[in-house]
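# Structural overview
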Amino acid sequence: MRVPLSWLREYVDLPATETGRDVQAKLISVGLEVETVEQLGDGLKGPLVVGKVLTIEELEGFKKPIRFCTVDVGRANGTGEPQEIVCGARNFAVGDKVVVVLPGAVLPGDFAIAARKTYGKTSHGMICSGDELGMGDDGSHGIIVLPPEHEVGTDAIELLQLVDEVLDIAVTPDRGYALSIRGVARETATAYGLPLRDPALLDVPQPNAFGYPVQVSDPMGCDRFTARTVTGLDPDARSPLWLTRRLQKAGMRPISLAVDITNYVMLELGQPLHAYDRSRVQGPIGVRRAEQGEKLTTLDGVTRTLDAQDLVITDDRGPIGLAGVMGGANTEIDDTEGTTTEVVVEAAHFDALSISRTARRHKLASEASKRFERGVDPQAASAAAQRTVDLLVLLAGGTADAGVTEVIAPSAPHTITIPADHPDKVAGVAYGRETVVRRLQEVGCDVYGQDELIVTVPSWRPDLTDPNDLAEEVIRLEGYENLPSTLPKPPAGRGLTDRQRLHRRIGRALAGAGYVEAPNYPFIGEHVFDQFGLTADDPNRKVVKLVNPLSDEEPALRTTLLPGLLGALRRNDGRGSHDLALFETGLVFHPREELKIAVRLPVDRRPTDEEIASLTEALPVQPRHAAVVLAGAREQAGWWGKGRPSDWADAVESARVLAREAGTELVVRGGQYGPWHPGRCAELAVVVEGVEQVIGYAGELHPGVLKTLGLPARTSAMELDLDVLESASSGVPKGPKISTFPVATQDVALVVDVAVPHAGVEAALREGAGELLESIRLFDVYENAAQLGEGKKSLAYALRFRAADRTLTVDEASAARDAAVALAGSRVGAVLRG
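Nothing here was measured: the structure is a model prediction, and the numbers come from that model. (Residues numbered from 1 in each chain as written. Predicted model: local features only at pLDDT ≥ 70, side-chain atom pairs only at ≥ 80, totals over all residues. Heavy atoms only, no water.)

### Remarks on the overall build of the protein
In terms of regular secondary structure, the protein is built from 22 helices and 42 strands. Computed over C-alpha atoms, the radius of gyration of the protein comes to 39 Å, more than 25% over the 28 Å expected from 2.2 N^0.38 for 834 residues, which places it beyond the range of a compact globule. Principal-axis analysis of the C-alpha atoms gives the protein an extent of 120 × 80 × 60 Å. Evaluated residue by residue, the protein yields a buried proportion of 47% over its 834 residues. Long-range contacts, defined here as pairs at least 24 residues apart, represent 70% of the contacts in the protein between residues at least 6 apart. Looking at the protein as shown, the accessible area adds up to about 41,300 Å², and 51% of this sits on carbon and sulfur atoms. (Helix = DSSP H or I, 4+ residues; strand = E, 2+ residues; numbered from the N terminus. Rg over C-alpha atoms; globule rule 2.2 N^0.38 Å. Buried < 20%, exposed > 50% of the residue type's maximum accessible area, 1.4 Å probe, protein only. Contact = heavy atoms within 4.5 Å. Areas by Shrake-Rupley, 256 points an atom, 1.4 Å probe, with all protein chains shown as cover.)

Structure (structure tokens):
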């Protein structure tokens, strides 16, 4: 919301010395987000005056039309003689009043004006356009042609209000009242402790039976509709300078007098309005829900197919406007033809949720919808209609029709009961009842009671719904900066849960292993499952769809972390970062078999365990997953060595890192699933309460998936379920015990069938070696048909033995090794090599 300081001063008697920066600081102190203060006319220096075009000579022989003009500027040039000016614009004629800048002046942007020779003539100044004066978009993009009543030689800086300060306020969704000069003026008056001249306090005639007929079929969608009629309008009347300048400063483009007036009143009072050409409206005006598939051509020239939930304005032909969003073209006031002499003014109050959904559904955000969806003062509709009628009568020579139509759905004022000391408890500051009552009254509330206050909320504050909202109003007006800085005192014994601790340990471990965390949005499109090659009955295809997604292309919650991570990898690779190792830990979402409706939890007490459990049962199943993706070099080449590319083994090792942090044994075996390469995919499993559960997969991605997604060759990935991994854990991993006794190392090389996995051999060796085995490490894999035989491979292991209470003898270490080899031989057919 752009608020000119000159307009604001009409409703609040600010000290003359107060600048825009001062007002900005005051408004920020009461909670408004004033982003910038724009200095209009900064650096502007006259003489800048009104001139009258006396003669125009067309200069020939140039690539573009050039005119040599003489302009009467009165005594502003010191001589009273006509001023000679060269100009290339063509939207003015002899006798027109224009804006002339004379030599010695400086225009915005430090553009100094001097006499100069151009096109064979000497130009003593310049005839100005709105852009050159920094006036914003006036829709003409040409020379400013002033109304004929302005005197020659008049100071144009003051006439056009070129010097001003404009506050640019970012209005949050809960403060819709601040989308008006009236609302900002109220906050300003409160901040300065000054009285407010409310522009909505107008004498409004009582409704009668002679007004334009209106039929509201949906009182829930439209609880108030005011209609007023003005006749006898001058079709040639144009918006005065003061009106167009205020619209321009507020960021709106002047269009025509009737439309400009409705926009002006909307900015002034915050009530969106619409003016219909009465001659183009057929029959009574109605308000109803649209019929599915109805058509409406809006003012932007787009023909829209309506939804059954859209609220529309109608006449006997059907829809003539999208309620609260945009009017229809078939009742538009056509300023180009100049035939509109009678208008019907609409000032209505529509349901905020309905307008918000309609604007989003049609991708049609307007100044009206922006206000309605944030909450408009329903009590201001009559005053806004009256203000519009008054301006039409004053500026367009119209006559206000005696008929006044008001359709109002009965409603009671919203009241809230609040203990007088509630703001004190919320803020930790002793405000006292007197301060609380005074601040609530400044907001516009009616307050009654002593220890228990009964507060009637003003109609322009629909965001005030419960005691905490009222407490916030007291606190912000008293000043957030005055709140004491106190540290919370948590009860003893509270801390991170085991799940949270594991989550943090895993993040640190992956970061320590060279991975970079890359959090992503939890939204996906279902087409990604086809890209991943998932089967039709895959559980991951069952998604939770959002009713109101941020993007139509990603309407569902993710069931896997890989789409987001692979998208991040693709973007980074496309921007020149080719050696990548990314990870993410986060929730995935699976729908429950039985859909339940979530209960609304109370805010005046702690929810019971049963209420929390009921809410949890209505939510999707949300396990926490961890995933990594790798591409490019895993170890960089340099003077220290060759380096190596990342491969499937790095993805598998990342899963082992997580298992070590969880303190559990991870079963790794060959597998096949979705996007992974069938020959380079490991299935990851853990044992939970004696039952083995598959928790994820790791390995190299399928070449077809890489091509479809535009990923680098040999990209690898891993994803597993952290919650199941935690359930298999024996608790927080314990630190290793340091022994003072030496280790005994025994190496064995076993020949097994190629199809025998390393994990099976290692498990047999570990079990056979017994409790003396401290660690086991595979350090070599060798295949040679000539030496080992067809279909055979050699696996070489380093076995480390140690006793906690003594130094092992060679015989003890050898016996443990032999036992390990023997069990491997009987279980997987392993034979000692050589």
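### Some points on the layout of surface pockets
Considered as a void within the structure, the largest pocket measures approximately 1,400 Å³ in volume. The wall of the largest pocket is formed by 38 residues, among which R656, V668, H758, A759 and E762 lie closest to the centre. In terms of residues, the lining of the largest pocket owes the most to one element, helix α17 (residues 648-662), which gives seven residues. A breakdown of the residues in the lining of the largest pocket according to their chemical character gives 19 nonpolar, seven polar and twelve charged. Considered as a void within the structure, the second largest pocket measures approximately 920 Å³ in volume. As for the second largest pocket, its lining consists of 35 residues, and the residues nearest its centre are I255, V259, N263, H274 and L299. The set of elements that each furnish at least two residues to the lining of the second largest pocket consists of α6 (257-269), β16 (274-277), β21 (318-322), β22 (326-327), β23 (343-350) and α8 (367-372). Considering each element in turn, the lining of the second largest pocket owes the most residues, four residues, to α6. (1 Å grid on protein atoms, 1.4 Å probe; cavity = no way out; pocket = protein on both sides within 12 Å on 5 of 7 lines; lining within 4 Å. Points joined across faces, edges and corners; volume = space filled by probe spheres on them. Nonpolar A, V, L, I, M, F, W, Y, C, P; charged D, E, K, R; others polar.)

### Re the packing of helix α11 (residues 433-443) against helix α12 (residues 467-478)
In the contact formed by α11 and α12, the axes pass within 9 Å of each other and the chain directions differ by 95°. By the angle between their directions, the pair α11 and α12 is classed as roughly perpendicular. Packed against α11, whose contacting residues are T435, V436, R438, R439, L440, E442 and V443, the element α12 presents L470, E473, V474, L477 and E478 at the interface. Here the residues of the contact of α11 with α12 are counted per class, giving six nonpolar, one polar and five charged. (Axes fitted to C-alpha atoms, helices over the stretch in contact; angles between N-to-C directions. Parallel < 35°, antiparallel > 145°, perpendicular 65-115°, else oblique.)

### Observations regarding α12
In a regular helix each residue adds 1.5 Å, so twelve residues correspond to 16 Å; α12 covers 17 Å between its end C-alpha atoms and thus fits that length. Where α12 is concerned, the buried positions are D469, L470, A471, E473, V474, I475, R476 and L477. Where α12 is buried, its residues meet α2 (20-29), α4 (181-192), β25 (415-419), α10 (422-427), α11 and β27 (452-456). Positive phi shows up at G479, right after α12, with a value of about 105°. (Expected span 1.5 Å × (residues − 1).)

### With respect to unusual backbone geometry
Of all residues except glycine, most have a negative phi; of all peptide bonds, most are trans. Phi is positive for D110, close to 60°, though the residue is something other than glycine. Within the secondary structure, D110 sits in the loop between β7 (106-107) and β8 (111-112). Phi is positive for Q161, close to 50°, though the residue is something other than glycine.

### A word on the pairing of strand β37 (residues 691-701)
Bridging between strand β36 (residues 676-688) and β37 involves nine bridges; their strand directions are antiparallel. Residue pairing across strands places V687 opposite E692, the latter belonging to β37. Hairpin connection from β36 to β37: two residues lie between these consecutive antiparallel strands, with E689 at a positive phi of about 50°. (Pairing = 2+ DSSP bridges.)

### Digging into the sheet that holds β27
In spatial order, the strands read β25-β27-β26; together these three strands make up an open sheet with antiparallel pairing. If you trace the sheet from one side to the other, it starts and ends with β25 and β26 (446-448), each paired once. Geometrically, the sheet is characterised by an average inter-axis angle of 25° between neighbouring strands, direction not taken into account. Examined bridge by bridge, β26 and β27 share three bridges and lie antiparallel to one another. Within β27, the residue paired with D446 across the bridge is T456. Each of β26 and β27 touches α11; the most contacted strand, β27, lies at about 5° to it.

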